[in-house]
Amino acid sequence: MSEEYKIPQHVAIILDGNGRWAKKRHMPRNFGHKAGADQIEVICREAWNMGIKYLTVYAFSTENWKRSVEEVTGIMTILRNFLETAIERSNRDNMRVRVIGERSRLDADIIKAINELEEATKNNTGLQFNIALNYGGRDDITRAVRHIAEEVKNGELQIEDITEQCISDHLDTHDIPDPDLMIRTSGEIRLSNFLTWQLSYSEFYFCDTLWPDFDKEELKKAVDYYNGRDRRFGGV
Ligand code: IPE
Ligand code: IPE
Ligand code: MG
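Thresholds applied
- Residues numbered from 1 in each chain as written.
- Chains lettered and ligands numbered in written order.
- Predicted model: local features only at pLDDT ≥ 70, side-chain atom pairs only at ≥ 80, totals over all residues.
- Heavy atoms only, no water.
- Near = heavy atom within 4 Å.
- Polar contact = N/O pair within 3.5 Å; in protein donor to acceptor, adjacent residues only side chain to side chain.
- Areas by Shrake-Rupley, 256 points an atom, 1.4 Å probe, with all protein chains shown as cover.
- Helix = DSSP H or I, 4+ residues; strand = E, 2+ residues; numbered from the N terminus.
- Nonpolar A, V, L, I, M, F, W, Y, C, P; charged D, E, K, R; others polar.
- Contact = heavy atoms within 4.5 Å.

*Asks:* Is there a simple way to explain the site of ligand 1 in this structure?
*Replies:* If you check the shell around ligand 1, you find 13 residues, and the closest are Asp16, Gly19, Arg20, Arg29 and Arg67. Between aspartate 16 and ligand 1, the recorded distance is 2.9 Å, taken from a side-chain N or O atom to an oxygen atom. At a separation of 2.9 Å, an oxygen atom of ligand 1 approaches a polar backbone atom of glycine 19. In isolation ligand 1 exposes 380 Å². Once the protein is present, 87% of that is buried. If one sorts the elements of the shell around ligand 1 by residue count, helix H1 (residues 18-24) sits on top with three residues. A class-by-class count of the residues in the shell around ligand 1 yields three nonpolar, five polar and five charged.

*Asks:* What am I meant to see in the side chain of threonine 121 here?
*Replies:* Positionally, threonine 121 belongs in helix H4 (residues 108-121). Here leucine 117 takes part through its backbone oxygen, which lies 2.9 Å from a polar atom of the side chain of threonine 121. When sequence neighbours within four positions are dropped, the list of residues in contact with threonine 121 reads Ser90, Asn91, Met95, Arg96 and Val97.

*Asks:* Help me out: how do you make sense of the site of ligand 2 in this one?
*Replies:* With respect to spatial proximity, the complete set of residues near ligand 2 consists of Ile14, Leu15, Asp16, Tyr58, Ala59, Phe60, Ser61, Asn64, Arg67, Arg184, Arg190 and Ser192. A distance of 3.2 Å separates an oxygen atom of ligand 2 from a polar side-chain atom of arginine 67. Arginine 190 is positioned with one of its side-chain polar atoms (N or O) 2.8 Å from an oxygen atom of ligand 2. Notes on ligand 2: free accessible area 390 Å², of which the protein chains cover 78%. Ranked by the residues each element gives to the shell around ligand 2, the list is headed by strand S2 (residues 54-61), at four residues. Tallied by class, the residues present in the shell around ligand 2 amount to five nonpolar, three polar and four charged.

*Asks:* For this particular structure, what's the right way to read the side chain of glutamine 198?
*Replies:* When you line up the elements, glutamine 198 lands in the loop between strand S5 (181-184) and strand S6 (203-206). Within the structure, the side chain of glutamine 198 is placed 2.8 Å from the side chain of threonine 173, a separation counted as a polar contact. The contacts of glutamine 198, once residues within four sequence positions are left out, are Tyr135, Asp140, Leu171, Thr173, Asp178 and Pro179.

Now the structure itself:
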């Protein structure tokens, strides 16, 4: 039986294990975050080479503010450094970058850099790269519900118009197809508030590899796993 090898259109990744990767090397946690950030760029290139169109990475959750000030500051510094050269690198690779999540809690200079990056890359036709920053699946749904309620209150929307499609259209991912494949590294088998609504019918792949070690071969293994799955979407 020869079936065509399927490439998932949209891959979402919970990049986990940076802290443990650093600990194994007797280094501070932020050393792991830096290595993890560098690995995101590698995987963006490999994903595009494989034919993946959308890649969404969970970089910072609404719960990650609970970490020490030192760690949060370290992550924000890595983010600032990434943003400094992101426009140039994204345009070179024809990559469109978008940020999902509640960005108003981020520092003003970071928000400005994100807005500029999105604007400068919006017409790029290569990889559609989405970064989830201060993102929570429940927060995404909560903000959507608020917007919908406001539109109903203003008379712009009727209650009968609140369909699944209407809710999808009010999420941060409104113009991005739902992920086909969700990958979580580092051995944890949970969603940790990632894309709660959007992952309803995605295939899940978990591996023990820590994120900074997740390379081209690991990505290929995940896509191989995806190929072995039979997506029925409730049918037979
Ligand atoms: C994932 O790595 C990156 C972020 C959540 C920012 P962790 O920092 O969660 O690494 P572990 O899970 O402690 O090893
Ligand atoms: C999920 O990882 C969040 C990100 C990868 C950004 P965490 O390491 O924060 O999740 P828990 O605490 O193990 O559930
Ligand atoms: Mg973790």
